[in-house]
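Descriptive structure summary
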Amino acid sequence: MSTSLAYHTQGIVGFQHHSFQYSKGKVIQRLKRKDFRCPKCFHCSVSVHRYRTRRIQGLPYGSMALYFEVELHRIYCPRCRALSVEELPFLSHPKARITKALERTILELRPEMTIHAISRYFHLDWRIVKACEKRYLKHKFRQIKLKHVKIIGIDEIAIGHTVAGKTAYWTIIRDLDSGAVLHVDQGKDGNALKDFLLRLQRSKAEIEVVAMDMGKAFVHWVKEHLPSAQIVFDHFHVIKLMNEKLDLVRRRIAAKLDAEERAILKNQRFTLLRNEENLSSEATAYLSKIKQTFQELADVHMMKEALRSIYSVAQNVSQAEDALLRWVRTAQKIQSDQLHKMAKTILQHWDGILGFWRFGNMTNASMEGFNNKVRTMLRQAYGYRDLEYMRLKIFNLPNNNIKIII
């Protein structure tokens, strides 16, 4: 009966029940191996010598923790002359402290429970639970197929700080068709993509489209290593850059004003940056006052809204190209150094900006949303000391539903 129970609940085969011991809420079941064979040639006529006793935790019997006590032996095979230590088939690796059945249950519960909650429930050290999940994720993501990937998104995310106190960045690449994470590495330049490039070359993948922001390092890397791929700059980053130019103008003007005049612009940053249609009636009236008082701010704000309207009105590449050319010519005529810089930036990234319309309003919004999921994961974990474990968790993030725990 006890042997059958160990087989059906714990998946233990090749052992017989010897005895039970009950102690302080624990059940200790002693097992004996039925027969011995050479692990290499499977010959049955072997010499066996007792080595040591191991105690391994299994799935609990009811409310009581269960431990299996097994005698380990050294096995000498006269046929192949091999001396080896007995292996336990119900362990995932020789040094495991828990059975495969318990590991499988931990992995099933992990999406619903924290590491701390699982460790308390099964009376395990939290490090065992983490190591179990980490080993599973390593196996799951040891090979990520790239052969059929056509459209990728590249973005960097700030994660904590380096030892020197600087902001630490990680680069994430995803397949924008399937949503799968293809690459995660430290840094935000071409060095962070070295391993990904090697895997791309081995897989002979043909990347057709790369969605990204206008960071120089990534643009240079794509042009050098993926010359046939079309770069698409997300419209979010174009408008964001325009907003930054507008804010620089506001700050420069405010710095030159006396206290009385500066009060007009005080705490009005988001009145200028927010979409005009989203402003309250009070904010709209105040915006009108700012425009009447400061001509350059009025011009730059008008151009910001005009640039936004191109993305909402233009239906195809031809319309977008005409509208953007008119916008650039108008910006070059207005007396504002920040507008001139923005016009120059648009011309320098012309093809990538038009790629938004060329590929059916393609955006990198899913990458931005994914970065928010990464930040939520980091906040819930209060950060990660084990960077390899964090990297594996990012790979697995598309398969998880992030739950806000209150």
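Anyway, here's the lowdown on the structure attached to this text. (Residues numbered from 1 in each chain as written. Predicted model: local features only at pLDDT ≥ 70, side-chain atom pairs only at ≥ 80, totals over all residues. Heavy atoms only, no water.)

**Structural notes on the pattern of salt bridges**
Counted only if it meets this: Each reported salt bridge corresponds to a side-chain nitrogen of Lys or Arg within 4 Å of a carboxyl oxygen of Asp or Glu. Per the convention used, a helix needs a DSSP run of H or I reaching at least four residues, while a strand needs a run of E reaching at least two, with both numbered from the N terminus. For every residue, the accessible area (1.4 Å probe, protein chains only) is compared with the maximum for its type, and the residue is labelled buried under 20%, exposed over 50%, or partly exposed between those bounds.
With the rule as written, the count across this model stands at 20 salt bridges. Close ionic contact of glutamate 388 with lysine 134 constitutes a salt bridge, the shortest N to O distance being 3.4 Å. With glutamate 388 in helix 16 (residues 387-396) and lysine 134 in helix 4 (residues 126-140), this pair connects stretches of sequence that are 254 residues apart. Assessed through its relative accessible area of 16%, lysine 134 is described here as buried. A single salt-bridge network, built from bridges that share partners, covers Lys130, Lys134, Lys138, Asp386 and Glu388.

**Overview of the nonpolar core**
We apply this condition: To form a nonpolar core, buried Ala, Val, Leu, Ile, Met, Phe, Trp, Tyr and Cys residues must be joined to one another through side-chain atoms within 4.5 Å. The criterion used for residue contact is that any of the two residues' heavy atoms lie within 4.5 Å.
Core analysis: the largest hydrophobic core is formed by 64 residues, its most contacted members being Ile152, Val210, Leu297, Leu307, Trp327 and Trp357. A total of eight residues in this core trace back to one element, the largest contributor, which is helix 7 (residues 235-256). Sequence-distant contacts of tryptophan 327, that is, excluding residues within four places in its chain, are made with Met242, Met303, Ala306, Leu307, Ile310, Leu339, Met342, Ala343 and Ile346. Of all hydrophobic cores here, the second largest spans 32 residues; its members include Leu59, Leu102, Ile159 and Leu392.

**Re the side chain of serine 336**
By the element assignment, serine 336 lies in the loop between helix 12 (317-333) and helix 13 (337-348). Residue classification places serine 336 among the buried positions, given a relative accessible area of 2%. Beyond its immediate chain neighbours, meaning those up to four positions away, serine 336 contacts Val249, Glu296 and Val300.

**Description of the packing of helix 15 (residues 365-381) against helix 16**
Threshold: Working convention: axes come from line fits to C-alpha atoms, limited for helices to the stretch in contact. Angles between N-to-C directions cover 0 to 180 degrees. In these notes the angle categories are as follows: under 35 degrees is roughly parallel, over 145 is roughly antiparallel, 65 to 115 is roughly perpendicular, and the rest is oblique. Whether a crossing is left-handed or right-handed is set by the direction in which the near helix is turned from the far one by less than a right angle, anticlockwise for left-handed and clockwise for right-handed. Amino acids outside the nonpolar list (Ala, Val, Leu, Ile, Met, Phe, Trp, Tyr, Cys, Pro) and the charged list (Asp, Glu, Lys, Arg) are all regarded as polar, and Gly is one of them.
In contact at an axis separation of 11 Å, helix 15 and helix 16 are set at 135 degrees when each is read in the N-to-C sense. In terms of orientation, helix 15 lies oblique with respect to helix 16. Between helix 15 and helix 16 the crossing geometry is right-handed. Of helix 16, the residues touching helix 15 (which contributes Phe370, Val374, Met377 and Leu378) are Met390, Lys393 and Ile394. Residues of the contact of helix 15 with helix 16, tallied by class, amount to six nonpolar, no polar and one charged.

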